[in-house]
Amino acid sequence: QNSASSASNPIPFWVGITVFYGEVNDLTWDESRNILYISIPGTSTLYPDTVVAINPTKLTVEWTYSPGTKSQPDRLALSGDGKYLYVGLDGQGTVQQLILGNQTFQLGNSISLGSQPGLGPFYALDLQVAPGQSDTIAVARGIPISVSIVQAQGGVAVYDGTVQRPSVVTPKTQAGDVLLDTIQWGVDATAIYAADNENASGDFYQLAVSANGVTLVSDSPNFFP
C-alpha cells in the first residue's frame, strides 16, 4: 500500500490441486519427510485395505502397507520424533506400529486392544501418541456400531509398547455415561482431554495419566451440545 492506504495492483498466482480418487478413513502429515499418510478402507476401489505414503510434491506413492483383506486400516498417529506411524486396524482389533525409514518402513509392535464379552474386540475410535514418548500411545477403544449400544465401551487406555497400563476409564468404571470418543494429549504425557460424540450432552473430560494408567479428573456436561 502507498501512503494514502490504497490497495496495490493485484498480482495473479496459481494454486495447483491434486485430488486422490479413492475413499479415505484418516490422514496425517509427516513434516520431516514431506509425506502424507492416508488410510483407505476395504470398500475403496483404489488401494483397498491399505495405508499409502504419498509424496505430494512429486505426486508419487512412496510405499504402501497392506495388512490384509478386511483389516480396515483407520486411525493414524505419527510420533513427535517421526520414528513411528501407528495404524488402527479396525478389522483386527489392533494397533500396528510402523517403523519409518527413508522411503520405506518396517513392522513394529502389534498392539491388541482387548475385547468386551458378548460384544467382540475393541478397535481404535481415536489414537494419539504421547508427547515426548514415541513408544506410548493412548487409545479411545470402541466396538462396532450398533443401534442399541454405544460405541465407546472400551474407554481410554494407555499402552507402553504392547503393555496396557492397568487403570482404564470406561463407562463401567465411572458413574454416569462416561463416553470417550475422541482424545487429545495435553502439553505433556500427564493429561488427556476427551469428548463425547455420541450423547446429545456432548461432555468434555479431563483425564490424569500416571504410570498406573488413566483416571477421570473432571466431567463438564453439555460442553458440545
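Before any of the text, the structure's been laid out above.
Below is a summary of the structure that appears in this document. (Residues numbered from 1 in each chain as written. Predicted model: local features only at pLDDT ≥ 70, side-chain atom pairs only at ≥ 80, totals over all residues. Heavy atoms only, no water.)

## Considerations on the pattern of salt bridges
Alright, step 1. Under the defined criterion, the tally for this structure stands at two salt bridges.
Alright, step 2. Note that D160 is salt-bridged to R165, the shortest N-O span being 2.8 Å.
Alright, step 3. The exposure class of R165 is buried, given its relative accessible area of 11%. (Salt bridge = Lys/Arg side-chain N within 4 Å of Asp/Glu carboxyl O. Buried < 20%, exposed > 50% of the residue type's maximum accessible area, 1.4 Å probe, protein only.)

## Considering the pairing of strand β6 (residues 84-89)
Alright, step 1. Burial runs high along β6: six of the six residues are buried.
Alright, step 2. Along β6, one buried face is formed by Y84, Y86 and G88 and the opposite face, lined by L85, V87 and L89, is buried too.
Alright, step 3. Here four bridges tie strand β5 (residues 73-78) to β6, and the two strands are oriented antiparallel to one another. Each residue of the ladder has a partner; that of P73, found in β6, is L89.
Alright, step 4. The hairpin turn running from β5 into β6, its antiparallel successor, is five residues long, and G82 in that turn takes a positive phi close to 75 degrees.
Alright, step 5. Bridge analysis of β6 against strand β7 (residues 94-100) gives six bridges, and the strand direction is antiparallel. Bridge pairing links G88 to V95 in β7.
Alright, step 6. Connecting β6 to the antiparallel partner β7 that follows it, the hairpin turn spans four residues, and G93 within it adopts a positive phi of roughly 65 degrees. (Helix = DSSP H or I, 4+ residues; strand = E, 2+ residues; numbered from the N terminus. Pairing = 2+ DSSP bridges.)

## A look at the packing of aromatic side chains
Alright, step 1. With the rule as written, the count across this model stands at eight aromatic pairs.
Alright, step 2. Ring plane angle 70 degrees and centroid distance 6.0 Å describe the contact between Y84 and Y86, whose orientation is recorded as edge-to-face.
Alright, step 3. Considering the side-chain rings of F204 and F223, the 4.9 Å spacing of their centres and the 25 degrees angle between planes classify their relative orientation as stacked. Placement of F204 in strand β17 (residues 204-210) and of F223 in the segment after β18 (213-220) is noted, with a sequence separation of 19 residues between them.
Alright, step 4. Since its relative accessible area comes to 25%, F204 is described here as partly exposed.
Alright, step 5. Grouping aromatic residues by their ring pairs yields a cluster made of Y37, W63, Y65 and F105. (Phe/Tyr/Trp six-rings, centres within 6.5 Å; stacked < 30°, edge-to-face > 60°.)

## Comments concerning the side chain of Q116
Alright, step 1. Mapped onto the elements of the fold, Q116 is located in strand β9 (residues 115-116).
Alright, step 2. Within polar-contact distance, the side chain of Q116 engages the side chain of Q153 at 3.3 Å.
Alright, step 3. In contact with Q116, not counting residues within four places along its chain, are F122, Q153 and K172. (Polar contact = N/O pair within 3.5 Å; in protein donor to acceptor, adjacent residues only side chain to side chain. Contact = heavy atoms within 4.5 Å.)

## Focus: the sheet that holds strand β8 (residues 105-112)
Alright, step 1. Strand order in the open sheet formed by four strands is β5-β6-β7-β8, with antiparallel pairing between adjacent strands. Each having just a single partner strand, β5 and β8 make up the two edges of the open sheet. Adjacent strand axes in the sheet meet at a mean angle of 25 degrees, parallel and antiparallel pairs treated alike. (Axes fitted to C-alpha atoms, helices over the stretch in contact; angles between N-to-C directions.)

Interpretation in functional terms is not warranted from these geometric data alone.
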